[in-house]
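# Coordinate analysis (summary)
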Amino acid sequence: MAGSAIAATVPVEALAAVEDEVRERVRARGLDPVADRGVLRDIVVGAVAEYDERALVEALPQLPPRAEAVRAIMDAVGGFGPLQRFLDDPQVEEIWINSPGQVFVARKGVADLTTTILTADGVRDLVERMLKSSGRRVDLSSPFVDAALSDGSRLHVVIPDISRHHWLVNIRKFIVAADKLADLVDLGTLTSQAGKFLEAAVASGLNILVAGGTQSGKTTMLNCLASAIPPRERVVTCEEVFELRLNLRDVASMQCRQPSLEGTGEIPLRRLIREALRMRPSRIIVGEVRQAESLDLLIALNSGLPGMCTVHANSAREAIIKMCTLPLLAGENVGSRFVVPTVAAAIDLVVHLALERDGDRRVREIVAVPGRTEHDVIETSDLFLTRDGRLIRGSGFPPFEDQFARAGYELADLLGGG
C-alpha cells in the first residue's frame, strides 16, 4: 500500500518540476500561454525531452509517457489544469464543482461524479484564470459572478459566505450542436414541418418566446431561429453574458456590466434594451428575461419591432403567465391591466422545449398567441403539441397570415388544414 502511494507521487513531482521550468521560460520570453499556444507547445515539448534526457543519467523521478506529460503540462500552463480535459471533451456539456473533492460533469443531460480531486487554492486559482480575460471579478463585495470563457462557455461562481463552505463553480460549455433549424430537425428536436413553419415565422417577423427549463436547449433554439432572419436586417442582441453566436451580416451584440469596486458603472439588461432601440435595429434579441427588463422588451415589441427572447418556464402557458408577472417588478405603477393585453399583443408564438429523461432535448409544443384576452387570461392556440412522445400538428393557426403572405409563405402549405 505504501509503495503504491509513493509511486503515485513520483510522476506528480516530475510534472511539477517540468511545469516550473516551462513557466520560467514563458515568463522570460514574455509570452501569453493562452494566446501563444503553438509557441507554448514547442517550449513544453522541449522541456519534457530535456527532463527525460537528464533522468537517464541523474536520480530524477520519472515522467509519465511523453504525450501524457506534454498534455498535462499544456493544460496546467496554458489551459485550466485538471478541468481542461473536460472542456476539450465534446461529449461533456457542463462541469460543476461543489467542493475541491467533488467535480461533476454532465453528458447528454446525465450527471457523473468524476475522480478529479482539486485543492481549495487550486479552485480559486482556476477561477481567477478563467475570469482574467472577462474583466469581471468575484470577491466578498461581489460574491457572485457570471462570465464567458474565450470559447463561449458560460462561467458562474459563488463564494462563501454566500455558499456554505466552498467555492461553487459551474461551467456551461458552448457546444455547437446546431446552427440552423434544419440541424435541429436532424437531431430529432423537432419535426420537419415544425422546423419549416418556424423558419417561415421568423422570416415573416413574428415575435417568438422560447421557453423551457435549465439545459433544455433554449439558447441553441434561439441561435437556430435567428439563422432564419433575412440577411439584410440589422439585429441587436442584449445578454447578461455573451452566449448567442449569430451567423448574420449585420449584428450588434451587447452584454451587461457588473458594478465597480466603488459600486458604480453597472449596466443592467434594462439599460441595454433601451439603448438597443437607439441603434436602428430591424430586430432585437434578448438572451433571457428574468426580471423587470421584460417590461422594456414588451414595450419594444409592442412598438412594431420584431424580436425574440428566452424565459425559464415548464410549459408554454406558464411562459405566458410569467411574461405577465415579471413586468410587475418594474414598479408599483405597472399593473396587470396594462401588462396582460400588452403581452397578448407583443408575443406571437411560444416554443417550449424540454430535456427528456434520455438526455435528448425536444420541442414539446408550439403555441400561437392570437392577441385576444378574456378576464385577464390570454387566449392561445395549439400549433404543434406532443402526443405519445411525438410532436404532431395541432388544430390552431398563428396570427398575421398577411405577414406570412408578404414574406412569400402560404400558411395552408406550411400547416395544412389543421
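Thresholds applied
Residues numbered from 1 in each chain as written. Predicted model: local features only at pLDDT ≥ 70, side-chain atom pairs only at ≥ 80, totals over all residues. Heavy atoms only, no water. Axes fitted to C-alpha atoms, helices over the stretch in contact; angles between N-to-C directions. Helix = DSSP H or I, 4+ residues; strand = E, 2+ residues; numbered from the N terminus. Parallel < 35°, antiparallel > 145°, perpendicular 65-115°, else oblique. Left-handed = near helix turned anticlockwise from the far one by under 90°. Contact = heavy atoms within 4.5 Å. Nonpolar A, V, L, I, M, F, W, Y, C, P; charged D, E, K, R; others polar. pLDDT = per-residue confidence, 0-100. Phe/Tyr/Trp six-rings, centres within 6.5 Å; stacked < 30°, edge-to-face > 60°. Lys NZ or Arg CZ within 6 Å of the ring centre and 35° of its normal. Buried < 20%, exposed > 50% of the residue type's maximum accessible area, 1.4 Å probe, protein only. Pairing = 2+ DSSP bridges. Arc of directions from axis to C-beta.

### Some remarks on the packing of helix H2 (residues 37-57) against helix H3 (residues 66-78)
Between two packed helices, what matters for the description is the angle formed by their axes and the separation of those axes. Where H2 contacts H3, the axes come no closer than 10 Å and their chain directions differ by 130°. By the angle between their directions, the pair H2 and H3 is classed as oblique. Handedness of the crossing formed by H2 with H3: right-handed. Counted together, Arg-37, Leu-40, Arg-41, Val-44, Val-45, Val-48, Ala-49 and Asp-52 of H2 and Arg-66, Ala-69, Val-70, Ile-73, Met-74, Val-77 and Gly-78 of H3 form the full contact between these two elements. Each residue belonging to the contact of H2 with H3 can be placed in one class, and the counts come to 10 nonpolar, one polar and four charged.

### Let's talk about the confidence of the model for the protein
Chain-level statistics for the protein give a pLDDT mean of 89 and a share of 97% at 70 or above. A low-confidence stretch, residues 1-10 stays under pLDDT 50, and its non-local contacts, those more than four residues away or across chains, total two contacts.

### Brief notes about the packing of aromatic side chains
Under the defined criterion, the tally for this structure stands at three aromatic pairs. In this structure an aromatic cluster arises from ring pairing among Phe-197, Phe-384 and Phe-404. Lying over the aromatic face of Phe-397, Arg-393 brings its terminal NZ or CZ to 4.8 Å of the ring centre.

### With respect to the pairing of strand E7 (residues 208-212)
Most of E7 sits inside the fold, with five of its five residues counted as buried. Burial along E7 is two-sided: Ile-208, Val-210 and Gly-212 facing one way and Leu-209 and Ala-211 facing the other are all buried. Relative to strand E11 (residues 307-312), E7 is paired through five bridges, and the arrangement is parallel. Across the sheet, residue Ala-211 finds its bridge partner in E11, namely Val-311. Bridge count between E7 and strand E12 (residues 349-355): five bridges; the pairing is parallel. Within E12, the position partnered with Ile-208 by the bridge is Leu-349.

### Observations concerning the sheet that holds strand E5 (residues 154-158)
Strand pairing within a sheet occurs via backbone hydrogen bonds; the two strands may be parallel or antiparallel. Ordered in space as E3-E2-E1-E6-E5-E4, the six strands form an open sheet in which the pairing is antiparallel. Looking at which strands have only one partner, the edges of the open sheet turn out to be strand E3 (110-113) and strand E4 (144-148). Taken over all neighbouring pairs, the strand axes of this sheet differ in orientation by 15° on average, direction set aside. Pairing analysis gives four bridges linking strand E1 (residues 92-99) to strand E6 (residues 168-172), with the strands arranged antiparallel. Of the residues in E6, the one forming a bridge with Glu-94 is Arg-172.

### Looking at the sheet that holds strand E8 (residues 235-239)
With mixed pairing, nine strands are arranged side by side in an open sheet as E9-E8-E10-E11-E7-E12-E13-E16-E17. Unpaired on one side and paired on the other, strand E9 (251-255) and strand E17 (390-393) mark the two borders of the sheet. Here the average twist between neighbouring strands, direction ignored, is 20°. Note: strand E13 (residues 361-368) against strand E16 (residues 381-387), four bridges, orientation antiparallel. By the bridge assignment, Ile-366 is partnered in E16 with Phe-384. The strands touched by helix H9 (residues 269-276) are E8, E9 and strand E10 (283-286); relative to E8, the strand with the most contacts, the crossing angle is about 170°.

### Things to note about the packing of H9 against helix H10 (residues 293-302)
The contact between H9 and H10 brings their axes to 8 Å, and the two run at 15°. By the angle class used here, H9 and H10 are roughly parallel. Like other packed secondary-structure pairs, H9 and H10 cross with a definite hand, here left-handed. In this structure, H9 contributes Leu-269, Arg-270, Ile-273 and Arg-274 to the contact, and H10 contributes Glu-293, Leu-295, Asp-296 and Leu-297. Of the residues in the contact of H9 with H10, the class split is four nonpolar, no polar and four charged.

### Topic: H9
Given 3.6 residues to a turn, an α-helix orients residues that are three or four positions apart in the same direction. Inspection of H9 places Leu-269, Leu-272, Ile-273 and Ala-276 among the buried residues, and these make up the whole buried set. The buried side chains of H9 occupy one side of the element, clustering within an arc of 100° when seen end-on. Of the surrounding elements, those touching the buried residues of H9 are E8, E9, E10 and H10.

### Quick look at the environment of Ala-344
For Ala-344, the location among the structural elements is in helix H12 (residues 336-346). Through-space distance from the C-alpha of Ala-344 to that of Pro-370 is 7.4 Å; in sequence the pair is 26 residues apart. For Ala-344, the residues in contact, after removing those within four places along its chain, are Val-369, Gly-371, Thr-373 and Ile-378.

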